[in-house]
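Each chain, letter by letter, is given below.
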Amino acid sequence: MSAPAHAFGIDIGGSGVKGAAVDLRTGELVHDRIKIPTPQPSTPQAVAAAVAELVAQAGWTGPVGVTLPAVVLDGVARTAANIDKAWIGTDARALFSAALGGRAVSVLNDADAAGLAEDRYGAAKDFDGLVLLLTFGTGIGSALLYNGTLVPNSELGHAEVGGAETEHRAAASIKERDGLSFEQWAAEVSNVLIGLENLFWPKVFVAGGGISRDADQWIPLLTNRTPVVPAHLRNTAGIVGAAMAVDAGLAP
Ligand code: BGC
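Residue indices follow the written sequence of each chain, beginning from 1 at its first position. Since the coordinates come from a predicted model, pLDDT governs what is reported: local features require at least 70, and pairs of side-chain atoms require 80 or more to be given and counted, while whole-chain, interface and lining totals use all residues. Hydrogens and water molecules were not included; the side-chain quantities draw on all heavy atoms of the structure.

Draft legend 1. Structural context of the sheet that holds strand 10 (residues 140–146). If you walk across this open sheet you meet the 5 strands as 11-10-9-14-15, and the pairing is mixed. At either margin of the open sheet sits one strand with a lone partner, and together these are strand 11 (149–151) and strand 15 (228–230). Adjacent strand axes in the sheet meet at a mean angle of 30°, parallel and antiparallel pairs treated alike. For two strands to count as paired, DSSP must find a minimum of two bridges between them. Here a helix means four or more residues in a row that DSSP labels H or I, a strand means two or more in a row labelled E, and each is numbered from the N terminus. Sheet analysis places strand 14 (residues 204–208) next to strand 15, joined by 3 bridges and oriented parallel. Angles here are taken between N-to-C directions and fall from 0 to 180 degrees, while the axes themselves are lines fitted to C-alpha atoms, restricted in helices to the stretch in contact.

Draft legend 2. Examining the pairing of strand 2 (residues 16–23) more closely. Throughout, exposure labels follow a simple rule: accessible area from a 1.4 Å probe, protein chains only, divided by the maximum for the residue type, with under 20% read as buried, over 50% as exposed, and the rest as partly exposed. In terms of residue burial, strand 2 counts as a mostly covered element, since 8 of its 8 residues are buried. For strand 1 (residues 6–12) and strand 2, the ladder comprises 7 bridges, and the chain directions are antiparallel. Across the sheet, G9 pairs through a bridge with A20, a residue of strand 2. Hairpin connection, strand 1 to strand 2: the antiparallel pair is bridged by 3 residues. Where strand 2 lies against strand 4 (residues 34–37), 4 bridges are found, and the strand directions are antiparallel. The residue of strand 4 that forms the bridge with G16 is P37. For strand 2 and strand 3 (residues 28–29), the ladder comprises 2 bridges, and the chain directions are antiparallel. The partner of V22 across the bridge, within strand 3, is L29. Where strand 2 hands over to strand 3, the hairpin turn is made up of 4 residues, of which G27 adopts a positive phi near 80°.

Draft legend 3. Spatial organisation of the side chain of E167. Structurally, the position occupied by E167 is in helix 4 (residues 166–170). In this count, Lys and Arg are taken as positive residues and Asp and Glu as negative ones, while His and the chain termini are left out. Counted as salt bridges are all cases of a side-chain nitrogen of Lys or Arg within 4 Å of a carboxyl oxygen of Asp or Glu. The buried charged residue E167 lacks any salt bridge, with K85 as its nearest oppositely charged partner at 8.9 Å. Those residues in contact with E167 that lie beyond four places of it in its chain are A81, N82, G139, I140, G157, H158 and I174. Between two residues, a contact is recorded if the distance between any of their heavy atoms is within 4.5 Å.

Draft legend 4. Examining the site of the ligand more closely. Taken together, P69, A70, A81, N82, N109, D110, I140, G141, E155, H158 and E167 make up the full set of residues adjacent to the ligand. At 3.0 Å from an oxygen atom of the ligand is found a side-chain nitrogen or oxygen belonging to N82. The definition of a polar contact used here is a pair of N or O atoms within 3.5 Å, where within protein one atom must be able to donate a hydrogen and the other to accept one, and adjacent residues in sequence count solely through side-chain atom pairs. Between an oxygen atom of the ligand and a side-chain N or O atom of E167, the distance comes to 2.8 Å. Here the term charged refers only to Asp, Glu, Lys and Arg, the term nonpolar to Ala, Val, Leu, Ile, Met, Phe, Trp, Tyr, Cys and Pro, and the term polar to all other amino acids, Gly among them. Split into classes, the residues belonging to the shell around the ligand amount to 4 nonpolar, 4 polar and 3 charged. What makes a residue near a molecule or strand is one non-hydrogen atom of that residue sitting within 4 Å of it.

Draft legend 5. Quick look at the pattern of salt bridges. Taken as a whole and assessed by the stated rule, the structure comprises 4 salt bridges. Two residues, E188 and R169, come together in a salt bridge whose shortest N-O distance is 2.8 Å. Placement of the pair is E188 in helix 6 (residues 182–200) and R169 in helix 4, with a sequence separation of 19 residues. Residue R169 is classed as buried on the basis of its relative accessible area of 17%.

What follows is the structure, given as structure tokens:
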């Protein structure tokens, strides 16, 4: 009998460092998600210590996949739009590996991880061709997948639509900040989706982030052409995608 196909994923967000072992046959967590509050300030050293604590709590001894809300090239964070600026230029893979006693680590963008998970196990699993996942949160994250293959670091939250960055128009945090109704915010989201679909022509958009929980209140209001489906994995997508990445030895 072959060993169970488990891998460990950690999702680093603004408020929590969350992780669990994942069953890669089903995309389900093997145990309850462990959450440690994100250290403030969220410097690389402090976050690495939180990652080590989480893995120790889980009793996991194997390789680990980790997400960051940043462009990640060869394990190095290259941007830091909504996290501590000290991440820029940090070799996150080397840092986490050192904090975990030298074991193998994969690091990838948070939205890319969510895209991998939704594409294999979730909302996009029955779509072929180009899938474009957007996470609506503090910013907008994006993942482009073509027949299951990730094109990493797409950063469409910073694409300009109508003269403004998409995440400055339609992140969930903008709805909150400006006290927008779902109708008002959905109009902004529609503009962003129209701008992106005219450039990429995806088969489907997957809408992720916390606000996808209220999908029935705003997805029906969208006026763009391409179908939009809510994410299925919700708050486990980053963990599952990180586990997939380390399992595949992915090094974006
Ligand atoms: C960052 C992305 C990230 C997204 C969601 C954006 O501001 O540039 O790297 O994926 O926020 O966290």
